[in-house]
Amino acid sequence: MEIKATKNGDALEVALSGRLDTNTSPDLEGYLRENLEGVASLAIDLADTQYVSSAGLRVFLFAHKELAKVGAGLRCAIPTSTSPTCSTPRVSRKS
Amino acid sequence: MESDRPEHNEMPATAVRDVGEVPVASVASEAPQAPLRPGWKRPLSVFAACFIVYLAVLEGFLAVPQFNDIVQIRPASALGPVFGLFFGLPGVFGCATANLVSDILHEGATPFMLAGYFVIQVMYNGLPRWAWYLVNARSPRPYPRFDSASKTALYMALALVDSVCVNLVVYLFVGASPESGPSFATRGLNNVWMLLYIGLPLLYALERGPLTPNPPRWIHVPYRNIKKANLTQRFVIWFVIASALLMLLVSVVVIAFASGDEESFQAVVRTMFHEVAILTVPIFLPMFVFLHILERRFTRPIEVLALDQQTFIERMESDVEQGRRDTCIAVDERGTKPRYEIAELYESTNKMRRDMVGFIERLYNVTAERQRTATELDVAKQIQMSAVPHDFDSLTERFALDIAGFMRPAREVGGDFYDVFEVGERGVAFVIGDVSGKGVPAALFMMRAQSLLRQYLLETDDLGTAFTLANRQLCERNDAMLFVTAFACVVDTATGEVRFANAGHNPPVLKQNGKLGYLACRPGLVLGAMDVVKYREGSFACSPGEGLLLYTDGVSEAANAAEELYGEDRLLQTLAKLDGGVVQGATASTAQDERPASADDSAVVANGCRAAAASSAQTAVNSLVASVDAFAGEAPQADDITMLAFRWNLPVARLTLPADDVELDNLFAFLEPICEGEGRTPKMMAQMMLVCEEVFVNICHYGFPDGQPRLPVDIEAAVDERAGCLHLVFSDQGIAYDPLSHDAKKVDPADEQRKGGLGILLMRKYMDDLRYTRADGRNILRMTKRFV
């Protein structure tokens, strides 16, 4: 999985390409742990992500929790095409 | 004179030559047909032979002076008539010519006298012959054979007549004086004696010998040389020989003691002659009477009986064939009136015949009855055999099931049955049953039980209820108190779930998780015993490649000559041998990648599908049948043998992975081809990946707490294109954990614990069927997903 990050001041944009599963989510988690300092908004672009498993969702939840501490928000850009993981929105947004 | 008796061995319609043919010089039963006209060779040689013999005998005895002159002991006088009687004209003339020659040599008579003597001799030689054949012209056996008293008497009479005639003629011819009368009388007596004591045995010998008598033209019956002498013949010949010897002895004694005086010698001999002549009458007369009685009362009835016996069975058979019912069983007496012991013999023979005919009739009826019964049983067997399914092609095409059945009754019909039929949309039912007993009663009950079970299994969803209802019906109108053990299961061909019910039947062999064992099920009571019994359904999950083998106790209780039983253990071993052998063979046959025996750390991706190589249901059934037959050997089949096997025949792809997260990529690589193909979508693939990741990661993270060795995880996948679904099995050796035992609850994101949680939700949402079992220290999770 590739992580492409763009920082615009305190807005962080992370574009993920590939699969976000048990093995690859620690990578994202690790990256976020390092780079969430002073971030006011986080946007995750999943246009190029074919697969997100519950491990990936946990990373999002973790990110969400961390940002919530500082009053920041998390935005996920989920492609509206017939991507397979589109069927999971309800689960992924469970909170 | 000749009584009309059946001849020995003379069967009608056997080789009778053309009428009018003259028999030739060969035994009738041997030689081929001879030309119609006799050649000149035989008569000439006969003539010559008779001539030589006669002359030799005549001259020989003439040389002895005591035998001549007045005494005239001339054995030659027997030869003429006998040869004439037997050989005909050659014999007559041969002897007469020899006599002529002798006369020429000794008598010194005029040619006129010689001619006269010659003529007289011819007459003497020929008279017995023509007289004999004239008397016997109409007789069925005209030949000179002394097989009856009457024929013997005829010969003796002819001998007497011939001697008297010839001597009278000679007396007149030579114009002898009345004083020489006694000497003629003596001559006459000599002739009679010789004809009797020498002629008769000679004739007997000639007739019994290889030569054939030559009859005159008016005789048309061909000569048959009968090898065996009958009682009369034997009696006559021995009597004659005995009396001849006696006479000879007396003569010798007398001659020895008589003085050399010619006169007294002659007187002695003359006296001897007269005495012998006189004695002959009282000797031979009783003989005839006795012989006649013997013939009438004993010999002839016995001959008649013997002849009748020879053709009795033949006649009976032909009468039966032609349907005649009025045949005479008793011996045809043909005019004889059996008396004394012979009458007893006739009676007992007739009784035996009647008893035998009755016996044969009864036997025939019994056989016909048995034949009828056998035919009916044949039809019954046909009916029974066609009542159980043999052709499973339609089911095999529609569902991924490999099915094989086998049934062999111990008798023509039996009490076992099996059945296979569709239930609902995707269920297939397998039923097996065993009625108590064997043969026709069990077969009748079997037909009832089979149709009842089928009916209720089709109508009722729950198998326990189906059995309960069927049982109630079977208990009704069961006066013969028969019962039946039965096992039935319904396979859901989409999910692999198998529901079953058992009524006292031996549990089937279950092939599960690569192992063979007996299905654990409650025994239940037999059907047809008590109508208040309630049955309950059980169930288990079947994975692709797994199956059941149902059987009846005719298999496990097959006995060999030593009365050992085949047994359940041997059954398992026989089936296990099949799988073990074939799997190794399959590994070799499928391409190059070799799967190591125990996959410890190295992960190997399964090489394609190997399910087709596993033993098919038919192979299992065939090998089991062969094994039971080999075990039983010569011992007769004690009970009906029935088997029904099925296997969920989906190609199974297998993968073994170490229990580590990093292997997840390999798992996805394994899933990819399975989720591609007809009916499957990328969406489905993603769903499968999600679920599999959850399951696999759970095992890795929580299956092996510290200290536990991390054992590999086995994954099996099978695609059922026809049913449009996909089956997955995860089998791990971690600690006991049932992921389905927790509710799919709403997860608090703050909830870090992974017991239950999102994973379970995903599994339940995306998979259509989930089953968990724990067996042999393994957690086994089976999942089914319909194509999306």
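Note that the coordinates shown come from a computational prediction; the quantities given were computed from them, not determined experimentally.

### Details of the overall build of chain B
- Looking only at helices and strands, one finds 18 helices and 16 strands in chain B.
- Here chain B holds 788 residues, and the buried ones make up 48% of them.
- Relative to all contacts within chain B whose residues are 6 or more apart in sequence, the contacts with residues 24 or more apart total 74%.
- Here chain B displays about 38900 Å² of accessible surface, and carbon together with sulfur accounts for 59% of that area.

### A short note on the packing of helix α2 (residues 76-87) of chain B against helix α4 (residues 111-135) of chain B
Residue and element names in this part refer to chain B.
- Remark: α2 packs on α4, axes separated minimally by 7 Å, with the N-to-C direction vectors making an angle of 40°. With respect to α4, the axis of α2 lies oblique. Crossing of α2 against α4: the hand is right-handed. Facing S77, G80, P81, G84, L85, F86 and F87 of α2, the residues of α4 in contact are Y124, N125, P128, R129, W132 and Y133.
- Counted by class, the contact of α2 with α4 contains eight nonpolar, four polar and one charged residues.

### Observations regarding the side chain of R499 of chain B
Residue and element names in this part refer to chain B.
- For R499, the position within the fold is in strand β5 (residues 497-503).
- A polar contact is formed between the side chain of R499 and the backbone oxygen of D461, at a distance of 2.8 Å.
- For R499, the residues in contact, after removing those within four places along its chain, are D461, D462, L463, A488, C489, V490, E537, G538 and S539.

### A look at the sheet that holds strand β2 (residues 11-20) of chain A
All names here are of chain A.
- Here we have four strands laid out as an open sheet, ordered β1-β2-β3-β4, and mixed in their pairing. Of all the strands in the sheet, just β1 (2-8) and β4 (73-77) have a single pairing partner and so form its edges. Geometrically, the sheet is characterised by an average inter-axis angle of 20° between neighbouring strands, direction not taken into account.
- Strands β2, β3 (41-52) and β4 of the sheet are contacted by helix α2 (residues 54-69), whose axis makes an angle of about 175° with β3.

### Remarks on the packing of helix α1 (residues 41-62) of chain B against α2 of chain B
Residue and element names in this part refer to chain B.
- Taken N-terminus to C-terminus, the directions of α1 and α2 make an angle of 165°; their axes are 9 Å apart at the nearest point. By the angle between their axes, α1 is roughly antiparallel relative to α2. Between α1 and α2 the crossing geometry is right-handed. Across the interface between the two elements, R42, V46, C50, V53, Y54, V57 and L58 from α1 touch A76, L79, G80, F83 and F87 from α2.
- Looking at the contact of α1 with α2, its residues break down into 10 nonpolar, one polar and one charged.

### A look at the sheet that holds strand β11 (residues 641-648) of chain B
All names here are of chain B.
- Taken together, the five strands give an open sheet; going across it, the order is β1-β11-β9-β6-β7, and neighbouring strands pair in antiparallel fashion. Of all the strands in the sheet, just β1 (401-408) and β7 (515-518) have a single pairing partner and so form its edges. On average, each strand axis in the sheet is inclined to that of its neighbour by 15°, with strand direction left out of account.
- Judged from the five bridges that link them, strand β9 (residues 547-551) and β11 form a sheet pairing that is antiparallel. Looking across to β11, one finds that L549 is bridged to A645.
- Of the strands in this sheet, β1, β9 and β11 touch helix α15 (residues 617-632), which is tilted by about 25° from β1.

### Notes on a nonpolar patch on the surface
Residues and elements named next belong to chain B.
- On the surface, L89, F93, W130, L134 and W218 cluster together to form a nonpolar patch covering roughly 460 Å² of accessible area.
- For the nonpolar patch, the secondary-structure elements that each account for two or more residues are α3 (89-106) and α4.
- Relative to the helices and strands, L134 resides in helix α4.

### With respect to the confidence of the model for chain B
- A residue-level look at chain B finds 86% of positions with pLDDT of 70 or above and a mean pLDDT of 82.
- The ipTM assigned to the predicted complex is 0.78, against a pTM of 0.60.

### A short note on α2 of chain B
Residue and element names in this part refer to chain B.
- Here α2 contains 12 residues, and its C-alpha end-to-end distance of 16 Å stays within 8% of the 16 Å for a straight helix at 1.5 Å per residue.
- A large share of α2 lies buried, amounting to 12 of its 12 residues.
- Those residues of α2 that are buried are in contact with α1, α3, α4, α5 (149-174) and α6 (181-208).
- One or two steps after α2, the chain reaches G88, where phi turns positive at roughly 85°.

### Remarks on the pattern of salt bridges
Residue and element names in this part refer to chain B.
- For the structure shown, the criterion picks out 26 salt bridges over all chains.
- Two residues, D147 and R141, come together in a salt bridge whose shortest N-O distance is 3.3 Å.
- The partner of R398 in a salt bridge is E422, and the shortest N-O contact between them spans 2.6 Å. Taken as a pair, R398 in helix α10 (residues 393-398) and E422 in strand β2 (residues 416-423) lie far apart in primary sequence, 24 residues in all.
- Relative accessible area serves as the criterion here: at 45%, R398 is assigned to the partly exposed category.
- One salt-bridge network, held together by shared partners, links R141, R145, D147, K151 and E207.

### What to know about the nonpolar core
All names here are of chain B.
- With 61 residues, the main nonpolar core has I403, F430, F467, F487, L527 and F646 as its most contacted residues.
- Residue contributions to this core peak at eight residues, all from helix α11 (residues 439-459).
- The residues contacting F430, other than those within four sequence positions of it, are L401, I403, D419, V420, F487, A488, C489, V491, L550, L644 and F646.
- By size, the runner-up hydrophobic cluster in this structure holds 52 residues, among which are L158, W193, L195 and L203.

### Topic: the pairing of β2 of chain B
Residue and element names in this part refer to chain B.
- Buried residues dominate β2, accounting for seven of its eight residues.
- Direction of pairing for β2 relative to strand β3 (residues 427-435): antiparallel, over a ladder of eight bridges. Along β3, the bridge assignment pairs D419 with V431.
- Hairpin geometry of β2 and β3 is characterised by an intervening segment of three residues between the two adjacent antiparallel strands and by a positive phi of about 65° at G424.

### Let's talk about the pairing of β2 of chain A
Residue and element names in this part refer to chain A.
- In terms of burial, β2 is a largely internal element, seven of the 10 residues being buried.
- Here β1 pairs with β2 via seven bridges, running antiparallel. For I3, the partnering residue across the bridge sits in β2 and is L16.
- Taking the residues that link successive antiparallel strands as the turn, the β1-β2 hairpin has two residues, and the phi of G9 there is positive, at about 70°.
- A crossover connection joins β2 to the parallel β3 through helix α1 (residues 25-35); in handedness this β-α-β unit is right-handed.

### Brief notes about the packing of aromatic side chains
Residue and element names in this part refer to chain B.
- Overall, the coordinates contain 22 aromatic pairs over all chains when judged by the stated rule.
- Considering the side-chain rings of F83 and F87, the 5.9 Å spacing of their centres and the 50° angle between planes classify their relative orientation as tilted. A residue pair is termed a helical-turn pair when its members lie 3 or 4 positions apart in one helix, as F83 and F87 do in helix α2 at four residues.
- Ring geometry for F93 against F118: centres 6.3 Å apart, planes inclined by 40°, an arrangement best described as tilted. With F93 in helix α3 and F118 in helix α4, the pair connects residues that are 25 residues apart, well separated along the chain.
- The class of F93 is partly exposed, set by a relative accessible area of 32%.
- Three or more aromatic residues joined by ring pairs form one cluster here, namely Y197, F235, F239, F284 and F290.
- Taking the ring centre of Y566 as reference, the NZ or CZ of R570 above it sits at 5.6 Å.

### Observations regarding the side chain of T784 of chain B
All names here are of chain B.
- Take T784: it is sitting in strand β16 (residues 778-786).
- Accessibility expressed as a relative area gives 5% for T784, which makes it buried.
- Ignoring any residue separated from it by four or fewer positions in sequence, one finds T784 in contact with A494, T495, C725, L726, H727, M767, D768 and D769.

What counts and what doesn't
Residues numbered from 1 in each chain as written. Chains lettered and ligands numbered in written order. Predicted model: local features only at pLDDT ≥ 70, side-chain atom pairs only at ≥ 80, totals over all residues. Heavy atoms only, no water. Helix = DSSP H or I, 4+ residues; strand = E, 2+ residues; numbered from the N terminus. Buried < 20%, exposed > 50% of the residue type's maximum accessible area, 1.4 Å probe, protein only. Contact = heavy atoms within 4.5 Å. Areas by Shrake-Rupley, 256 points an atom, 1.4 Å probe, with all protein chains shown as cover. Axes fitted to C-alpha atoms, helices over the stretch in contact; angles between N-to-C directions. Parallel < 35°, antiparallel > 145°, perpendicular 65-115°, else oblique. Left-handed = near helix turned anticlockwise from the far one by under 90°. Nonpolar A, V, L, I, M, F, W, Y, C, P; charged D, E, K, R; others polar. Polar contact = N/O pair within 3.5 Å; in protein donor to acceptor, adjacent residues only side chain to side chain. Pairing = 2+ DSSP bridges. Patch = residues over 30% accessible without salt bridge, like charges linked within 9 Å, V, L, I, M, F, W, Y side chains within 5 Å. Salt bridge = Lys/Arg side-chain N within 4 Å of Asp/Glu carboxyl O. pLDDT = per-residue confidence, 0-100. Expected span 1.5 Å × (residues − 1). Core = buried A, V, L, I, M, F, W, Y, C linked by side-chain atoms within 4.5 Å. Right-handed = clockwise from strand over helix to strand, strands pointing away. Phe/Tyr/Trp six-rings, centres within 6.5 Å; stacked < 30°, edge-to-face > 60°. Lys NZ or Arg CZ within 6 Å of the ring centre and 35° of its normal.

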